[in-house]
Amino acid sequence: MSHRIIESLLALGGKKKDKSIDLLSTDLMIRDKDSRHEYTIDRVDFDEGGKPIVSCYRYYGPRGEKKAYVRLTEKDFDNYEPV
């Protein structure tokens, strides 16, 4: 399974670095289904078992000057949707 995920992320423009894939595109976004907050996917790491951990962020504050970071594991994926 993780081999297919890696191939898909590389096909989307990701750059492989050791045990992670950096995603430099601002087009890869997800939305929290409950809060409706949108996050830009920054990178995807893989744990010891090869399961993905998605690191993403969103801007907030009066002028959008602050960043909130979220790390998602497979158990969190159902709570998010693509934008």
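Here, the structure is the one placed above.
Structure report, in brief. For clarity, every value in this text was computed on a predicted model and none was experimentally measured. (Residues numbered from 1 in each chain as written. Predicted model: local features only at pLDDT ≥ 70, side-chain atom pairs only at ≥ 80, totals over all residues. Heavy atoms only, no water.)

A word on the pattern of salt bridges
Note that side chains of opposite charge can pair when their charged atoms are close.
Logical step 1: Across all of its chains, the model carries six salt bridges by this definition.
Logical step 2: Between D45 and R43 there is a salt bridge, with its nearest N and O atoms 2.8 Å apart.
Logical step 3: One network of salt bridges, with partners in common, ties together R31, R36, E38 and E81. (Salt bridge = Lys/Arg side-chain N within 4 Å of Asp/Glu carboxyl O.)

Side note on the environment of R43
Logical step 1: Of note, R43 is situated in strand β4 (residues 38-46).
Logical step 2: As for R43 and C56, which are separated by 13 residues in sequence, their C-alpha atoms are 7.0 Å apart.
Logical step 3: At 2.8 Å, the side chain of R43 and the side chain of D45 are in polar contact. (Helix = DSSP H or I, 4+ residues; strand = E, 2+ residues; numbered from the N terminus. Polar contact = N/O pair within 3.5 Å; in protein donor to acceptor, adjacent residues only side chain to side chain.)

Examining the nonpolar core
Logical step 1: Ranked by size, the top nonpolar core spans twelve residues in total: I21, L28, I30, Y39, I41, V44, F46, V54, C56, V70, L72 and Y80.
Logical step 2: Taken together, the elements giving at least two residues each to this core come down to β4, β5 (52-60) and β6 (66-72).
Logical step 3: By residue number, the principal contributor to this core is β4, which donates four residues.
Logical step 4: Setting aside residues no more than four positions away along its own chain, L72 makes contact with I30, P52, I53, V54, C56, F77 and Y80. (Core = buried A, V, L, I, M, F, W, Y, C linked by side-chain atoms within 4.5 Å. Buried < 20%, exposed > 50% of the residue type's maximum accessible area, 1.4 Å probe, protein only. Contact = heavy atoms within 4.5 Å.)

These figures capture arrangement, not role.
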